[in-house]
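Each chain, letter by letter, is given below.
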Amino acid sequence: MDLDRNKMLRHNPIIVGEEAKRAQAAADLAGNLPADQIDPETFFMEQHWDLYSEENHETWRRLYAKRIHSLREQASNVFLTGFDAFGLPADQIPRLTTVNDVLRSTTGWQSRPVPGYLPAKSFFACLAQRKFPTTMTIRPPDELDYLPEPDIFHDVFGHVPLHADPVFADFLQTYGQAALHTTTDHETALSRLFWFTVEFGLVHEDGRLKIYGSGLMSSVGESNWALKGDGERQPERRPFDLDKICATHFEIDEYQPLYYVLESFEQLRDAMVSYAERVLNDANVTV
Ligand SMILES: [Fe+2]
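Residues numbered from 1 in each chain as written. Predicted model: local features only at pLDDT ≥ 70, side-chain atom pairs only at ≥ 80, totals over all residues. Heavy atoms only, no water.

J.: Quick question: what am I supposed to make of the coordination of the iron ion here?
T.: Angles between donor atoms at a metal ideally measure 109.5 degrees for a four-coordinate tetrahedral arrangement and either 90 or 180 degrees for a six-coordinate octahedral one. Within the protein, the atoms that donate to the iron ion are His154 (NE2), His159 (NE2), Glu199 (OE) and Glu199 (OE), at distances of 2.0 to 2.8 Å. The site at the iron ion holds four donor atoms, and with the angles between them running 51 to 140 degrees, its shape is irregular. Each donor residue of the iron ion belongs to the same chain, and together they define the spacing H-x4-H-x39-E. Grouping residues by exposure puts His154 and His159 together as buried. (Donors = N, O, S within 2.8 Å, 3.2 Å for Na, K, Ca; no water. Tetrahedral: all angles 85-135°; square planar, octahedral: opposite > 155°, others 65-115°. Buried < 20%, exposed > 50% of the residue type's maximum accessible area, 1.4 Å probe, protein only.)

J.: Could you clarify how one ought to interpret the pairing of strand β6 (residues 258–262) in this entry?
T.: The two faces of the sheet receive side chains in turn, since in a regular strand these alternate between them. Most of β6 is tucked away: five of the five residues are buried. Neither face of β6 is exposed, since Leu258, Tyr260 and Leu262 on one face and Tyr259 and Val261 on the opposite face are all buried. With two bridges joining them, strand β3 (residues 202–205) and β6 adopt parallel strand pairing. For Val203, the partnering residue across the bridge sits in β6 and is Leu262. Strand direction decides the pairing type here: strand β5 (residues 236–239) and β6, joined by four bridges, are parallel. Each bridged residue has a counterpart across the sheet, and for Arg238 the counterpart in β6 is Tyr260. (Helix = DSSP H or I, 4+ residues; strand = E, 2+ residues; numbered from the N terminus. Pairing = 2+ DSSP bridges.)

J.: What am I meant to see in the sheet that holds strand β4 (residues 208–211) here?
T.: Sheets are built from strands paired through backbone hydrogen bonds, the pairs being either parallel or antiparallel. A sheet is described by the order of its strands in space; here four strands give the open sequence β4-β3-β6-β5, paired in mixed fashion. Two strands close off the open sheet at either side, each with one partner strand: β4 and β5. Averaged over all pairs of adjacent strands, the angle between strand axes in this sheet comes to 40 degrees, irrespective of strand direction. (Axes fitted to C-alpha atoms, helices over the stretch in contact; angles between N-to-C directions.)

J.: Explain the pattern of salt bridges here, please?
T.: For the structure on display, the rule yields 16 salt bridges. As a salt-bridge pair, Glu18 and Lys21 come within 3.4 Å of each other at their nearest N and O atoms. Pair noted here: Glu18 and Lys21 are both in helix α2 (residues 18–30), with a separation of three residues, about one helical turn. Pair check on accessibility: Glu18 and Lys21 agree, each one exposed. The partner of Glu205 in a salt bridge is Lys210, and the shortest N-O contact between them spans 3.4 Å. This pair shows no difference in class: Glu205 is buried, exactly as Lys210 is. Among the charged side chains, a salt-bridge network with shared partners connects Glu41, Arg112 and Lys131. (Salt bridge = Lys/Arg side-chain N within 4 Å of Asp/Glu carboxyl O.)

J.: Would you take a moment to explain the packing of helix α8 (residues 166–181) against helix α13 (residues 265–282) for this structure?
T.: Helix-helix packing is characterised by the crossing angle of the two axes and by the distance between the axes. Put simply, α8 and α13 touch, their axes get as near as 9 Å, and they point 20 degrees apart. In terms of axis orientation, α8 runs roughly parallel to α13. Seen from above, α8 lies across α13 with left-handed handedness. Here Val167, Phe168, Asp170, Phe171, Thr174, Tyr175, Gln177, Ala178 and His181 of α8 lie close against α13, whose contacting residues are Phe265, Glu266, Leu268, Arg269, Met272, Val273, Ala276, Val279 and Leu280. Taken together, the residues that form the contact of α8 with α13 break down as 12 nonpolar, three polar and three charged. (Parallel < 35°, antiparallel > 145°, perpendicular 65-115°, else oblique. Left-handed = near helix turned anticlockwise from the far one by under 90°. Contact = heavy atoms within 4.5 Å. Nonpolar A, V, L, I, M, F, W, Y, C, P; charged D, E, K, R; others polar.)

Structure below.
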């Protein structure tokens, strides 16, 4: 166990227990299994909402207050429609049972609690079944602005609102099916596709640029950079092109120098359907 993991445990009583250990061990093991032997249900735990500390809720409150200020101006309408449907609380960590009631009546996706980071293949197996592995921990209060791993703020505030949109919901499941069954030839390409869309995507709406990627939702600083530059420089913004994205290297430790811009979410879904056919064909898989 490394120092970061120790730190997360110290601040998150919610994942100190046998159930969390079992779920994490199952997810770690599944990362090396053939796709048809992976059972995502074994990775999930209960949220045990009552175990969140007052410090945990305070961290959510501070993150929410900081992000909500510019969200309406910066975020895609599609994201905001989902965001409003969930009615996420400003003052405490949300209960996933409430989130899932909304998802059940919109797209059939579910947000399922996991104790921590999942290996890629375990993560994809969940997406393929419309289950979003949702991190239960929240960042320590001294790391409000940057956390290298997902936490519940990134996952629920940043990712989940788009899961209520039928077009994005189809895209993400198709992505999961392709990524779960892919041959190694497509692995790097698919991780780039996720990065430049789900995490850091931009979209044209109402005649201007908006953000929809969850990495941008959870970073005010990077959202300002992505949309407006820094006064002297601008990032490069290219029209969405799936094949070009799959050939583009990305940065993980600094603001992105390059973003890809969608014209609509249908464009993303349709490109993904075509690409998934190629991937599954190469892997000789029918889903
Ligand atoms: Fe993410």
